[in-house]
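Notes for the structure review
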Amino acid sequence: MTWWSRSLEVLEWRLKLGNFEFSILSCIEFLILVGIVFLFASLARRLFHLRVLSRTGISPTLQDALARFTGYLVIVIGGFVSLQIMGIQLGNLAFLVGALGLGLGFGLQNIINNFVSGLIILIERPIQVGDRIEVSGLEGDVVEINARSTNIVTNNNITIIVPNSEFISSRVVNWSHGDRKVRIPIPVGVAY
């Protein structure tokens, strides 16, 4: 028996977990499939951004958000297809996926809230990059709007990262929404 046949024998050794049997070789195949899915998702995101979204004329931040969403969608679909190729029936995992989804839902509630709020901001556009805003007692210029948070630079040149849910749940004053000219009051003390 050569080393090659012995290593193939080890790789094809079958493990049983409930009704599902797998081998080390099938786990390696699954990891290769997942790698291909991530590579394809990255390629699809870039191509969708460069070939489709760049020609639409929508704002660059919304283009980036839509391209990221496309990449996430490809990853989810590719993950389901990879599990089906490996012979894992998703119906058998329904209870496990449901429990995992419930736990993730409670654990990631704030992150999902900020992500959905970011999508609402990018679609409705109540604030844009360059706007002078005031939210939750904080005043500054919007320099970047991401999917989860927005970066605001104050008059003291301090960058503050504000979660996007703040813009949906609290009062926002947009000083430059209709016109870029903004009046900033500066109190000056004068001695008698």
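In case you missed it, the structure is sitting above this.
Predicted, not measured: the structure shown is a model, and the values here were computed from it. (Residues numbered from 1 in each chain as written. Predicted model: local features only at pLDDT ≥ 70, side-chain atom pairs only at ≥ 80, totals over all residues. Heavy atoms only, no water.)

1. Considerations on the overall build of the protein chain
For the protein chain, the helix and strand inventory stands at six helices and seven strands. The order of α-helices and β-strands along the protein chain, N terminus first, is α-β-β-α-α-α-α-β-β-β-β-α-β. Going through the 192 residues of the protein chain one by one, you find that 24% of them count as buried. For the protein chain, restricting intrachain contacts to residue pairs at least 6 apart in sequence, the fraction spanning at least 24 positions comes to 46%. Carbon and sulfur atoms provide 65% of the accessible area of the protein chain, an area that totals close to 13800 Å². (Helix = DSSP H or I, 4+ residues; strand = E, 2+ residues; numbered from the N terminus. Buried < 20%, exposed > 50% of the residue type's maximum accessible area, 1.4 Å probe, protein only. Contact = heavy atoms within 4.5 Å. Areas by Shrake-Rupley, 256 points an atom, 1.4 Å probe, with all protein chains shown as cover.)

2. So, the nonpolar core
Across soluble globular proteins, nonpolar side chains have a tendency to be buried as a group. Membership of the largest hydrophobic core comes to 13 residues, with the highest contact counts inside it found for Ile127, Ile133, Ile145, Ile152 and Phe167. Considering every element that reaches this core, the biggest residue donor is strand β4 (residues 138-145), with three residues. (Core = buried A, V, L, I, M, F, W, Y, C linked by side-chain atoms within 4.5 Å.)

3. Let's talk about a nonpolar patch on the surface
A cluster of nonpolar residues, Leu100, Leu104, Leu108, Ile111, Ile112, Val116, Ile120 and Ile168, forms a patch on the protein surface that exposes about 660 Å² of accessible area. Those elements giving two or more residues to the nonpolar patch turn out to be α4 (94-107) and α5 (109-124). Considering each element in turn, the nonpolar patch owes the most residues, four residues, to α5. As for its position among the elements, Leu100 is in helix α4. Residue classification places Leu100 among the exposed positions, given a relative accessible area of 54%. (Patch = residues over 30% accessible without salt bridge, like charges linked within 9 Å, V, L, I, M, F, W, Y side chains within 5 Å. Salt bridge = Lys/Arg side-chain N within 4 Å of Asp/Glu carboxyl O.)

It is worth stressing that arrangement in space is one thing and function is another; only the former is reported here.
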